[in-house]
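Spelled out from the first residue to the last, the chains are:
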Amino acid sequence: MTAPTGTASGTAPAVRRSSWLDVVRAELLKLRTTWLTLILLACSVAIAVLSVAATLATEGDGENQINLTDEELTDAVFGSAGIATIFALVMGIVIVTTEFRHQTITPSVLITPRRWPLIVAKFVAAALLGAVYAITTAVVVSVIGLPWLAIKDVTITSGDAIGSLSAAAVSVVLYGIVGVGVGALIRNQVAAIVGALAWTLVIESLAVALLPEVGRWLPGGAAGAIGAGDGSDLLEPWAGALVFVGYGVLFGVVGSLTTIRRDIT
């Protein structure tokens, strides 16, 4: 009688290695079952709503109000969807650093011995999550902004609205990808998040304001150029998109190589 595989015959049972799509599905499953994903999405939507409300409430001809043109007001309202970039960046970092923080990276690598598919799957997951954040925030901003702008008799050009929302969406997706690269470079979750936020919210903002010739070439300046209008000190929208994509590729490649070559323990 033939012995069952892996028992009397002494042959170990075959271990099924995950395909690339399996790894992507696993990464998406992790995101769907993590409360932080929904918490950050809720924060993104809430702050975008507050931003739209603050912009529209303070715009006008009265005292202590800001008088904006219809185009400027449209850009400010729909550009609020870009607030999701911060949360996509944080989630991209978390996608990688959580694995090292809780040592779930070990079984992940055992299932997927080649690390390239694993890190690429994280980039894909971050990009898809960024798209979800961007679309959700854009829809909420539009639902609130369009009626309010109509009440204020603001002439809305569909091209301007779509352009602002599209620029915000592209930035959100790219920031998610950059977050994965940052998390791969800096494994400590707290250090990576604090460092990324400090750089994005403080250092880059100061550089763009005080040294525009330098700040326009930094990631934040390049991302801001995607939705910037004419007369801006930033790069042209197409150039900003290319520069920011370049940063995404740079962080992705360096982060991938770092993760692949390092000891995971």
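Our structure is the block above this text.
Residues numbered from 1 in each chain as written. Predicted model: local features only at pLDDT ≥ 70, side-chain atom pairs only at ≥ 80, totals over all residues. Heavy atoms only, no water.

S.K.: Describe helix α2 (residues 35–58), with residues and values.
M.R.: Over its 24 residues, α2 runs 35 Å from end to end, which matches the ideal 34 Å to within 8%, given 1.5 Å per residue. Taken as a whole, α2 has its buried residues at Thr37, Leu40, Leu41, Ser44, Val45, Ala48, Val52, Thr55 and Leu56. (Helix = DSSP H or I, 4+ residues; strand = E, 2+ residues; numbered from the N terminus. Expected span 1.5 Å × (residues − 1). Buried < 20%, exposed > 50% of the residue type's maximum accessible area, 1.4 Å probe, protein only.)

S.K.: Explain the layout of surface pockets to me, and be specific about the residues and the numbers.
M.R.: Within this model, the largest pocket holds a volume of roughly 450 Å³. Taken together, 24 residues line the largest pocket, and the ones lying closest to its centre are Gly82, Ser171, Gly220, Ala223 and Gly224. When residues of the lining of the largest pocket are traced back to their parent elements, those giving at least two are α4 (84–101), α7 (158–185), α8 (189–210) and α10 (219–226). Residues of the lining of the largest pocket, tallied by class, amount to 10 nonpolar, 12 polar and two charged. (1 Å grid on protein atoms, 1.4 Å probe; cavity = no way out; pocket = protein on both sides within 12 Å on 5 of 7 lines; lining within 4 Å. Points joined across faces, edges and corners; volume = space filled by probe spheres on them. Nonpolar A, V, L, I, M, F, W, Y, C, P; charged D, E, K, R; others polar.)

S.K.: Tell me about the packing of aromatic side chains, residues and numbers included.
M.R.: Applying the stated criterion across every chain, the model contains one aromatic pair. Judged by centre distance (4.9 Å) and plane angle (45 degrees), the ring pair of Tyr175 and Phe244 falls under tilted. With Tyr175 in helix α7 and Phe244 in helix α11 (residues 237–261), this pair connects stretches of sequence that are 69 residues apart. Considered together, Tyr175 and Phe244 belong to a single accessibility category, that of buried residues. (Phe/Tyr/Trp six-rings, centres within 6.5 Å; stacked < 30°, edge-to-face > 60°.)

S.K.: Mind laying out the nonpolar core, listing which residues take part and the relevant values?
M.R.: Judged by nonpolar contacts, the single largest core of 41 residues is most densely connected at Met91, Ile93, Tyr133 and Phe244. The set of elements that each furnish at least two residues to this core consists of α2, α4, α6 (115–151), α7, α8, α10 and α11. Among the elements that line this core, the one with the most residues is α4, at 12 residues. Those residues in contact with Phe244 that sit more than four places away from it in its chain are Ser171, Leu174, Tyr175, Val178, Pro219, Ala222 and Ala223. (Core = buried A, V, L, I, M, F, W, Y, C linked by side-chain atoms within 4.5 Å. Contact = heavy atoms within 4.5 Å.)

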